[in-house]
Amino acid sequence: MSPSAPAVADRTTFFLGGPPSWAKDSPVPLMMSVNALARYRSRGERFPSARCLWALDSAGFSQIGQHGEFLLDPDEYGGMVYRLMDDFGAPPVFASVQDWMTERQILAHSGFTLRQHQEFTVDSYLYLTAQFDQAPWIPILQGQSVEDYVEHCRMYERAGVDLAQAFRVGVGSVCRRQGTRATGHILATLAGRGYALHGFGIKSDGLDRHGHHLASADSYAWSAGARRRNVRLAGCTHPSADCRNCRDYAMAWRSRVVEKLNTPKQLTLAV
């Protein structure tokens, strides 16, 4: 497929970021963080029986951002995903490998270079798919410039991974600059290579501008937005002063996002 004619998703599946307790009766797909699932189990609570589509995020941004590394080694992480596949009622649609983001603040915490983070991400995919081959792992691309992302594609190719055959190819390190032209160029270029892209942490502005290049996306931005703007829906009875943990608010927010996604957009062409 020519880079000048990028692939366009017919419909983007949007995973709403939410807690494990919602999975038992959520009417929409959910994205859940391994952090939230680990806390859920550490409190001695049984996992609910998931009745919705869901996907798993490795929580790399928070773990590396706070600790400079992942808290679980690859075998612990792979084992946890296997347990979730057995105990959570339904397996995830896909599971993130332990991908290493490349934002400057993340690099500062880890002490490694952007290229090393890309190498670690490929290594994670190769290890997890070999040792835990029943889990639905997806490869994830990281970078800052479009050239970085293309080079990361080449790293996977040199390792024998055909990204065009992957169910999804995750795109990380874009959530904080998603409304920019540069991000549109990155997503258009990757979609133009024939990849079915998942955008991690893509908020409503980025989805409005670039969602036509994505097969799926997720966001937990509704919670931070409710907290920052001190939003509380009329009729809410929860004890919190705002709707940062409110399912009704989250569902209303998602409906607005999906409406934007379903609005036809002008294509962002890669050059």
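Treat the numbers as computed from the prediction; the structure is a model and nothing was measured.

Conventions and cut-offs
Residues numbered from 1 in each chain as written. Predicted model: local features only at pLDDT ≥ 70, side-chain atom pairs only at ≥ 80, totals over all residues. Heavy atoms only, no water. Buried < 20%, exposed > 50% of the residue type's maximum accessible area, 1.4 Å probe, protein only. Helix = DSSP H or I, 4+ residues; strand = E, 2+ residues; numbered from the N terminus. Pairing = 2+ DSSP bridges. Right-handed = clockwise from strand over helix to strand, strands pointing away. pLDDT = per-residue confidence, 0-100. Contact = heavy atoms within 4.5 Å. Patch = residues over 30% accessible without salt bridge, like charges linked within 9 Å, V, L, I, M, F, W, Y side chains within 5 Å. Areas by Shrake-Rupley, 256 points an atom, 1.4 Å probe, with all protein chains shown as cover. Salt bridge = Lys/Arg side-chain N within 4 Å of Asp/Glu carboxyl O. Lys, Arg positive; Asp, Glu negative; His and termini not counted. Charge placed at Lys NZ, Arg CZ, Asp CG, Glu CD. Expected span 1.5 Å × (residues − 1). Phe/Tyr/Trp six-rings, centres within 6.5 Å; stacked < 30°, edge-to-face > 60°.

Caption draft 1: Summary view of the pairing of strand β9 (residues 216-219). Residue alternation in β9 divides its side chains into two sets, Ser216 and Asp218 and Ala217 and Ser219, and both sets are buried. Alignment of strand β1 (residues 13-17) against β9, held across 4 bridges, turns out to be parallel. Within β9, the residue paired with Phe15 across the bridge is Asp218. Note: strand β8 (residues 197-199) against β9, 2 bridges, orientation parallel. Along β9, the bridge assignment pairs Gly199 with Ala217. As a crossover connection, the stretch from β8 through helix α8 (residues 204-210) into β9 is right-handed.

Caption draft 2: Main features of the confidence of the model for the protein. Of all residues in the protein, 89% have pLDDT values of 70 or greater, and the mean over the chain is 88. Overall, residues 1-9 carries pLDDT values under 50, and its contacts beyond four positions in sequence, including any with other chains, amount to 22 contacts. Segment residues 266-271 is flagged for pLDDT under 50; beyond a separation of four residues in sequence, or across chains, it makes 20 contacts in the model.

Caption draft 3: Looking closely at a positive patch on the surface. A surface patch of like charges, here positive, comprises Lys203, Arg227, Arg228, Arg229, Arg256 and Lys260. Secondary-structure elements contributing two or more residues to the positive patch are α9 (221-228) and α10 (247-261). The residue Arg256 is located in helix α10 in this model.

Caption draft 4: Expanded view of helix α6 (residues 146-158). Over its 13 residues, α6 extends 19 Å from the first C-alpha to the last, a length consistent with the 18 Å expected when each residue adds 1.5 Å. Every buried residue belonging to α6 is among Val146, Asp148, Tyr149, Val150, Glu151, His152, Cys153, Met155 and Tyr156, and all of these are buried. Backbone geometry just downstream of α6 places Gly160 in the positive-phi region, at approximately 90 degrees.

Caption draft 5: The arrangement of the packing of aromatic side chains in detail. Per the stated rule, a full pass over the model turns up 12 aromatic pairs. When the ring of Trp54 is compared with that of Phe88, the centres are 4.8 Å apart and the planes differ by 75 degrees; the resulting orientation is edge-to-face. Note that Trp54 is positioned in strand β3 (residues 54-57) and Phe88 in the loop between α3 (74-87) and β4 (95-96), a separation of 34 residues in sequence. For Trp54, a relative accessible area of 0% translates into the label buried. With 6.0 Å between their ring centres and 70 degrees between their planes, Tyr125 and Tyr156 make a pair best called edge-to-face.

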